[in-house]
Amino acid sequence: MKYYKHILRRASVVLLTAALLLSCTACGRMAATTIELLRTQGEVDVADKDGKSVSIIEGLKLYSGYQVDTRSKSYAWINLDDTKLAKMDVQSQVEIQKEGSHLEVLVHSGSLFFHVTEPLEEDETMDIRNSTMVVGIRGTCGFVESPDEQHMNVCLLEGKVECTISSPEGEILQTASIEAGEMAQLVYAGEDSAITVSTFTIDDIPEYVTEEIADAGNAEIDALVEELERQKEEREKEEENARILDSQRREALLEALNTYSPEEAMYAALGDLNGDGTEDLLIFGKGVFEEYGSTRYHFTFTALIWDGAEVQRIPLEQGGMSDLGYSDDGAAVYRERETGTLYVRHIFGMDGWRETNFENAADYVSFPYPDDPSGRGDEVTAEEAAEIEKGTRQVDQEIEARFEVFDSLEFPAVDEYMRTDTYWYYYWNGNSADMPDYPPFHTSVEEVRQTLSAP
């Protein structure tokens, strides 16, 4: 840390003087009582315990109740007793509380770096805290951020600390220990207070801290920083490789999309279609089916999956239209709520029977509804009708709990008898229908093409 040599030289003088003056006392390390403002940069204010402003001089003594404030582009270094050093970040406010060998640094706001170079004696304590949270220090290095009274973040560069959240009445609500390379996020919320422990990265260490640890000459801190920098390099390499693969994926999907004619790709959407977390391409439009022993053209979905080398075209045939019928609710694209994976939906039905199917490139889920004899013209009792209605609601609730609408593929009516999808069917199969208007789906093929083309 900067100024360590200066501080240690002063410490040796203080300790030598104390040894000469108290040479007849019992042996052992004596807890220092002097706290001083070692250095400032920029605009720094100091107030005593009564709130009166104190003029800043070199080596200004800080007593219990004194408060130090840093402004914009301002820093303050505090010598807590030659083995306990602190640096305040910009826009920070701390207060010193000391009673005998018990030291508290209250971080009212902002951020504070701390470095305790020697373990505390058995009768010594040092806490960094705000109104409800405490970090117990023995011999360690790190920094504390206190954005408000309900939150505190602690990052540790060396040693081990104990973090505690207490109620205003002093009841301990949560405790956790962290070691070098770990951070704790403390949140005070009464009985719901929580401490979350995780690792941190080199980018989480603020610049005002890196300036101090760069010259500290501490092997443990240096090793941690070196490891964090290595991890950052690995992440950056992985991110660069991911960017390259993503670019290749988008180029491959765009090339595949461009092979479709407008009628073959009436609708396109981007999303995960096989549950691997990678964005795929969904096409809806003209497809080939065998109907009544002959080749016919109908609507179909196709999943285009990039496998890292090429695009795999996977027809979603189980969810395609068939001669079983196509209801007004018909084709739609859904998203699984828990995973975000896309599925296509079709509703199949005939006399007294109906089911809703969801399908993607890796999964097929069927939701059959209760058989309804009334749909076949059979008589049903009131009790049977109630059971059918109850079962239907249960199926609808299961679907609603698992899926949400991503895009509804609605074909508008062109006259009082036919919808656009019927005209397209006639047009594809050589009947006398005029060429229908292009369906106004929510996401156009051109929009997807532009997304894939974006740098």
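Going by the structure above, here's the rest.
Summarised in this report is the structure supplied together with it. (Residues numbered from 1 in each chain as written. Predicted model: local features only at pLDDT ≥ 70, side-chain atom pairs only at ≥ 80, totals over all residues. Heavy atoms only, no water.)

## Examining the packing of aromatic side chains
Counted by the stated rule, this structure contains 18 aromatic pairs. Ring centres 6.5 Å apart and planes at 50° place the aromatic pair Y75 and W77 in the tilted group. Each of the two residues, Y75 as well as W77, counts as buried. Relative to F403, the ring of F367 has its centre 6.4 Å away and its plane inclined at 85°; by these criteria the two rings are edge-to-face. Of this pair, F367 sits in strand β24 (residues 364-368) while F403 sits in strand β25 (residues 403-408), placing them 36 residues apart in sequence. As far as burial versus exposure is concerned, F367 and F403 are alike and both buried. A network of ring pairs unites the aromatic residues Y267, F284, F299, F301, F411, W424, Y427, W428 and F441 as a single cluster. Over the aromatic face of Y297 sits the side chain of K286, whose NZ or CZ is 4.4 Å from the ring centroid. (Phe/Tyr/Trp six-rings, centres within 6.5 Å; stacked < 30°, edge-to-face > 60°. Buried < 20%, exposed > 50% of the residue type's maximum accessible area, 1.4 Å probe, protein only. Helix = DSSP H or I, 4+ residues; strand = E, 2+ residues; numbered from the N terminus. Lys NZ or Arg CZ within 6 Å of the ring centre and 35° of its normal.)

## As for helix α6 (residues 445-453)
Taken together, the buried positions of α6 are occupied by V445, V448 and L452. Down the axis of α6, the buried side of the element spans an arc of 65°, and every buried residue falls inside it. Of the surrounding elements, those touching the buried residues of α6 are α3 (219-257), β17 (267-271) and β18 (280-291). (Arc of directions from axis to C-beta. Contact = heavy atoms within 4.5 Å.)

## As for the sheet that holds strand β19 (residues 294-306)
Within the open sheet, the 4 strands sit side by side as β17-β18-β19-β20. Their pairing is antiparallel. Strand pairing shows two members of the sheet lacking a second neighbour, β17 and β20 (311-315), which therefore form its edges. Adjacent strand axes in the sheet meet at a mean angle of 35°, parallel and antiparallel pairs treated alike. Summarising the sheet, β18 and β19 pair through 11 bridges and their orientation is antiparallel. Note that in β19 the partner of L282 across the bridge is A303. Against the sheet, α3 makes contact with β18, β19 and β20, and its axis sits at roughly 165° relative to β19, the strand it touches most. Together, β18 and β19 form the strand contacts of helix α5 (residues 420-428), whose direction differs from that of β19 by roughly 110°. (Pairing = 2+ DSSP bridges. Axes fitted to C-alpha atoms, helices over the stretch in contact; angles between N-to-C directions.)

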